[in-house]
Every structure is written in C-alpha cells, then in structure tokens.
Amino acid sequence: MQFTVTGAPARERFEARDEAGGVVGFVTYQLTGSIIAYTHTEVDPAYEGKGVGSTLARAVLDDARSKGRTVVPICPFIADWVVKHPEYESIVVRSTRKIK
C-alpha cells in the first residue's frame, strides 16, 4: 500500500493519504521562523502497523531538512522515530536551556 504525504499549512499539519485520497494520518506542527516543532502524530486505527507513521515521520523530517529548519520533536512518536534514524540527528534539537 502506498501513502502520499502533503502539507496542509492552513491546518498546520502534514497529511498522509491512501491511494483513494482519504486522510489516514497526520502530523501537527508549530512553525516559528526556521524552527518547527512537531507536536502530535495520529494514524487512523485501521491503518496502524502499515507504515503510515514512519512514512509521515520521514516526510516531515525530509521537508524540514530541505528547508533548513531546526526540528523540535515534542511528539513522542517523532522523537522515538528520530532515535532509530540517526541520519536526522543534525537537524534535531535534543535539549534546551533558558537564557537569563
């Protein structure tokens, strides 16, 4: 099964669609300048375990990389996925500190 991921900036999310065009999953985000925070990933229960989440994760991280963005993985799924795919480490913020 093939999934297509497209941006839906008006809804601040990326959507995964099946071959019929139906939305089967999405990743929400908040964009501030060149920093993008991925806040939530959701996959339709009928499509869990079929690669939708991984397809979304790869697509959103490739998009961030291509646009020179820094990624803040607030979403636990995206954060865990990046750990398993170290090729994205260079664009991901792992810790933050307060500036006085």
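Residues numbered from 1 in each chain as written. Predicted model: local features only at pLDDT ≥ 70, side-chain atom pairs only at ≥ 80, totals over all residues. Heavy atoms only, no water.

Structural notes on the overall build of the protein chain
Thought 1: Check the secondary structure of the protein chain and you find two helices and five strands.
Thought 2: Helices (α) and strands (β) of the protein chain occur, in sequence order from the N terminus, as β-β-β-β-α-β-α.
Thought 3: The C-alpha radius of gyration of the protein chain comes to 14 Å, within 12% of the 13 Å expected for a compact globule of 100 residues.
Thought 4: When each of the 100 residues of the protein chain is scored for burial, the buried share is 39%.
Thought 5: Put simply, of all contacts in the protein chain between residues at least 6 apart along the chain, 38% involve residues at least 24 apart.
Thought 6: Carbon and sulfur atoms provide 52% of the accessible area of the protein chain, an area that totals close to 6,100 Å².
Thought 7: When the 13 positive and 12 negative side-chain charges of the protein chain are each reduced to one mean point, those points stand 9 Å apart. (Helix = DSSP H or I, 4+ residues; strand = E, 2+ residues; numbered from the N terminus. Rg over C-alpha atoms; globule rule 2.2 N^0.38 Å. Buried < 20%, exposed > 50% of the residue type's maximum accessible area, 1.4 Å probe, protein only. Contact = heavy atoms within 4.5 Å. Areas by Shrake-Rupley, 256 points an atom, 1.4 Å probe, with all protein chains shown as cover. Lys, Arg positive; Asp, Glu negative; His and termini not counted. Charge placed at Lys NZ, Arg CZ, Asp CG, Glu CD.)

So, the environment of Phe3
Thought 1: Mapped onto the elements, Phe3 comes out in the segment before β1 (4-8).
Thought 2: Sequence separation between Phe3 and Val52 is 49 residues, and the spatial gap between their C-alpha atoms is 7.0 Å.
Thought 3: Not counting residues up to four positions away in its chain, the partners in contact with Phe3 are Arg17, Asp18, Val24, Tyr47, Lys50, Val52 and Thr55.

Remarks on the sheet that holds strand β3 (residues 23-32)
Neighbouring strands of a sheet are bound in pairs by backbone hydrogen bonds; such pairs are parallel or else antiparallel.
Thought 1: The five strands lie next to each other as β1-β2-β3-β4-β5, forming an open sheet whose pairing is mixed. The sheet is open, and its two borders are formed by β1 and β5 (70-73), each paired with just one other strand. This sheet shows a mean twist of 25° between the axes of neighbouring strands, independent of strand direction.
Thought 2: The pairing of β3 with strand β4 (residues 35-43) spans eight bridges and is antiparallel. Following the sheet pairing, Leu31 is matched in β4 by Ile36.
Thought 3: Packed onto the sheet, helix α2 (residues 76-84) meets β3, β4 and β5 and runs at close to 105° relative to β4. (Pairing = 2+ DSSP bridges. Axes fitted to C-alpha atoms, helices over the stretch in contact; angles between N-to-C directions.)

Some details on the side chain of Thr41
Thought 1: Here Thr41 lies in strand β4.
Thought 2: The exposure class of Thr41 is buried, given its relative accessible area of 14%.
Thought 3: Beyond its immediate sequence surroundings of up to four residues, Thr41 is in contact with Phe26, Val27, Cys75, Phe77 and Ile78.

Points about the packing of helix α1 (residues 52-66) against α2
Thought 1: Remark: α1 packs on α2, axes separated minimally by 10 Å, with the N-to-C direction vectors making an angle of 80°. Here α1 lies roughly perpendicular to α2, going by the angle between them. Contacts from Gly53, Ser54, Ala57, Arg58, Val60 and Leu61 in α1 reach Phe77, Ile78, Trp81 and Val82 in α2.
Thought 2: By residue class, the composition of the contact of α1 with α2 is seven nonpolar, two polar and one charged. (Parallel < 35°, antiparallel > 145°, perpendicular 65-115°, else oblique. Nonpolar A, V, L, I, M, F, W, Y, C, P; charged D, E, K, R; others polar.)

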